[in-house]
Amino acid sequence: MLTADLVRVRDDGKTLTPRYLKLSGKGYDRMIARAGDLLELFGAHAGLRRSELDEAIADLVGDGTDHMLTKGLTKLLSDRAEFETASAIPPETIREAVFRHAAIHHPLVEGGDKIHKSRGEVLELAAGELGVSAEEIADNLYGDLTANQRLTRFKPLTAEGLLARYNAALAQSILLRATELRIAVTGNSPAKHRQLFRYLKFHRLMHRVQRTATGHELVVDGPASLLTSTSRYGLQMAIFLPALLLCEDWELEAEVLWGPERSARTFRLSSEAGLRSHYKERGVYVTEEQEAFERGFKKLDSGWTCSRRARVIDLGGRDVLVPDLSFSHEDGRKALLEIVGYWRRGWLESKTRLLAEHGPPNLILAVSDRLCGDEDA
């Protein structure tokens, strides 16, 4: 995800327009080359320190005019990388041994003499105590500092994919600050609609759905509408966007609190923008909580079986219900389970009233205290 200082956007005081990269035409070859250079740097620095990678990137940026774009691409690549402390012995253990020997032989002198020890000799003493080489001691003395952590894993992608991911990230970064999303999805197959509803549930977003003549209209509460857990919820909303990009015909309008002053702005996006999703068409996603519940439930040997094949239930044209699980008992009874994600008291009360009026009578709602977005609810 791009940080606020890396989001290239035009702000006219009313609307926000991201400065998307043009993925064809003039300048495209230069951008592809820059993306390729960055990918090559990350690949070439496997196993090396983060500071060495940062220096190589700084050299690549140089005095170029596209430094903000390069920094943005670098941030996206860093999100795909894992840096770890590579020392077999915890650096704090190494420091304890080195500092103890240094204190015993203080003061240390350059090169050492018959009376005083040198830095190298102290490292040798610590190495002998810990059973490693002096080179390993010197190399990992501060190996747990961020700059000294080593690149251990990197998820590769193509230069074209990186540029497409950048465009999507510009829009996602704006949605981090949204108070509300209004989405119209039309002209898509029922399977596409079900998949979209499943993604909404997977990301635990508070939403309302209304059926229209050509599809569905969705209202999604944004992170700025919550009093607690706004950072986590905002991230969930941002990473939901690629799921919307899988649909074929849609429009989005978001109310956003922008800048240090949190000034009201409007952000609009549609399928015509040509943003690409890096999500794959996978059908049903399930949360870790649901998977844990299913594992535990199957161990009960209760006479009930559970299935993820619950149908989409229309709630009087004012919303839809996509139960997480359906249950069947050997005596013929049936039940449904809906695992609620993030919620506010007013939203939950409205949801339960609608379910009482139009929902199935055999529905169980599972509501988590931890996912409450109100300070006192």
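Structure first, text after, so check above.
Residues numbered from 1 in each chain as written. Predicted model: local features only at pLDDT ≥ 70, side-chain atom pairs only at ≥ 80, totals over all residues. Heavy atoms only, no water.

1. Concerning the pattern of salt bridges
Oppositely charged side chains may form a pair once their charged atoms are brought near each other. Operational definition: We count a salt bridge whenever a side-chain nitrogen from Lys or Arg sits within 4 Å of a carboxyl oxygen from Asp or Glu. Secondary structure elements follow DSSP: runs of H or I no shorter than four residues count as helices, runs of E no shorter than two count as strands, and numbering proceeds from the N terminus. The classification of residues rests on relative accessible area computed with a 1.4 Å probe and restricted to protein chains. Under 20% of the type maximum is buried, over 50% is exposed, and intermediate values are partly exposed.
Following the criterion strictly, the structure yields 25 salt bridges and no others. With a shortest N-O distance of 2.7 Å, Asp314 and Arg211 are connected by a salt bridge. With Asp314 in strand S11 (residues 313–314) and Arg211 in strand S6 (residues 207–211), this pair connects stretches of sequence that are 103 residues apart. Judged by relative accessible area, which is 46%, Arg211 ranks as partly exposed. Among the ionic pairs, Arg344 bridges to Asp221, the shortest N-O distance being 2.4 Å. With a gap of 123 residues between them, Arg344 in the loop between strand S14 (334–339) and helix H11 (345–358) and Asp221 in strand S7 (residues 215–221) connect regions that are remote in the sequence.

2. Brief notes about helix H3 (residues 67–79)
In plain terms, the rule: One fewer than the residue count of a helix, multiplied by 1.5 Å, yields its expected span. A contact between two residues is defined here by any heavy atoms of the two lying within 4.5 Å.
Its 13 residues give H3 an end-to-end C-alpha distance of 18 Å, which sits within 8% of 18 Å, the value for a rise of 1.5 Å per residue. Turning to H3, its buried residues are Leu69, Thr70, Gly72, Leu73, Thr74, Leu76 and Leu77. Against the buried residues of H3 lie helix H1 (28–44), helix H2 (50–61), strand S3 (81–84), strand S4 (150–154) and helix H7 (159–175).

3. Examining the pairing of strand S5 (residues 178–186)
For clarity, the cut-off: Paired strands, as defined in this entry, are two strands with at least two bridges between them according to DSSP.
Here S5 runs beside strand S8 (residues 250–258); their pairing, made up of 7 bridges, is antiparallel. Following the sheet pairing, Val185 is matched in S8 by Trp250. Taken together, the 7 bridges between S5 and S7 define a ladder with antiparallel strand orientation. Its bridge partner lying in S7, Arg182 is registered against Val219.

4. Observations concerning the packing of aromatic side chains
Spelled out, the test is: The criterion for an aromatic pair is that two Phe, Tyr or Trp rings (for Trp, the six-membered ring) have centres within 6.5 Å, with stacked assigned to planes under 30 degrees apart, edge-to-face to planes over 60 apart and tilted to the rest.
Under the defined criterion, the tally for this structure stands at 6 aromatic pairs. Where Phe293 meets Phe297, the ring centres are 5.7 Å apart and the plane angle is 20 degrees; that geometry is what we call stacked. Taken together, the positions of Phe293 and Phe297, both in helix H10 (residues 288–298) and 4 residues apart, correspond to about one turn of that helix. For the pair Phe297 and Phe327, a centre-to-centre distance of 5.1 Å together with 65 degrees between the ring planes defines the contact as edge-to-face. Taken as a pair, Phe297 in helix H10 and Phe327 in strand S13 (residues 325–329) lie far apart in primary sequence, 30 residues in all. Like Phe327, Phe297 is buried. In textbook terms, an aromatic cluster arises when at least three aromatic residues are bridged by ring pairs, as seen for Phe293, Phe297 and Phe327.

5. Overview of the sheet that holds strand S9 (residues 263–270)
In a beta sheet, neighbouring strands pair by backbone hydrogen bonds and run either parallel or antiparallel. The cut-off we apply is this: Axis geometry follows a simple rule: fit a line to the C-alpha atoms, using only the stretch in contact for helices, then measure angles between N-to-C directions, giving values from 0 to 180 degrees.
Spatial ordering of the open sheet is given by S1-S2-S9-S8-S5-S7-S6, a layout of 7 strands whose pairing is mixed. At either end of the open sheet lies a strand with only one pairing partner, and these are strand S1 (9–11) and S6. Within this sheet the neighbouring strands show an average axis-to-axis angle of 20 degrees, counted without direction. Of the pairings in the sheet, the one linking S1 to strand S2 (residues 15–18) comprises 3 bridges and is antiparallel in character. Along S2, the bridge assignment pairs Arg10 with Thr17.

6. Points about the nonpolar core
To be explicit about the condition: What is meant by a nonpolar core is a set of buried Ala, Val, Leu, Ile, Met, Phe, Trp, Tyr and Cys residues, joined one to another through side-chain atoms within 4.5 Å.
Counting 76 residues, the largest nonpolar core has Leu181, Ile183, Leu252 and Phe267 as the members making the most contacts within it. In terms of residue count, H7 provides more of this core than any other element does, 10 residues in total. When neighbours within four sequence positions are excluded, Phe267 is seen to be in contact with Leu16, Pro18, Tyr20, Ala171, Ile174, Leu175, Leu252, Glu253, Ala254 and Val256. Ranked by size, the runner-up nonpolar core spans 12 residues in total, among them Ala97, Val122, Ala127 and Leu141.

7. A look at a negative patch on the surface
Stated precisely, the cut-off is as follows: Every patch collects residues that have over 30% relative accessible area and no salt bridge, joining them within 9 Å if they carry like charges and within 5 Å if they are nonpolar side chains (Val, Leu, Ile, Met, Phe, Trp, Tyr). Note on areas: Shrake-Rupley, 1.4 Å probe, and residue coverage restricted to the protein chains presented here. For this count, His and the chain ends are skipped, Lys and Arg are scored as positive, and Asp and Glu as negative. Taken as the charge centre is NZ of Lys, CZ of Arg, CG of Asp or CD of Glu, depending on the residue.
On the surface, a cluster of negative charge is made up of Asp113, Glu121, Glu124, Glu135 and Glu136. Secondary-structure assignment places Asp113 in the loop between helix H4 (91–104) and helix H5 (119–130). Accessibility expressed as a relative area gives 43% for Asp113, which makes it partly exposed.

8. Here's the deal with the environment of His193
As a reminder, the rule being used: Pairing of N or O atoms within 3.5 Å defines a polar contact, subject to two protein rules: one partner must be a possible hydrogen donor and the other a possible acceptor, and residues neighboring in sequence count only if both atoms are side-chain atoms.
You can see His193 is positioned in helix H8 (residues 190–202). Overall, the relative accessible area of 7% leaves His193 in the buried class. Considered as a pair, His193 and Arg309 are 116 residues apart in the sequence and their alpha carbons are 15 Å apart. Residues contacting His193, with those up to four places away along its chain left out, are Val185, Asn188, Gly215 and His216. Only 2.9 Å separates the side chain of His193 from the side chain of His216, close enough to count as a polar contact.

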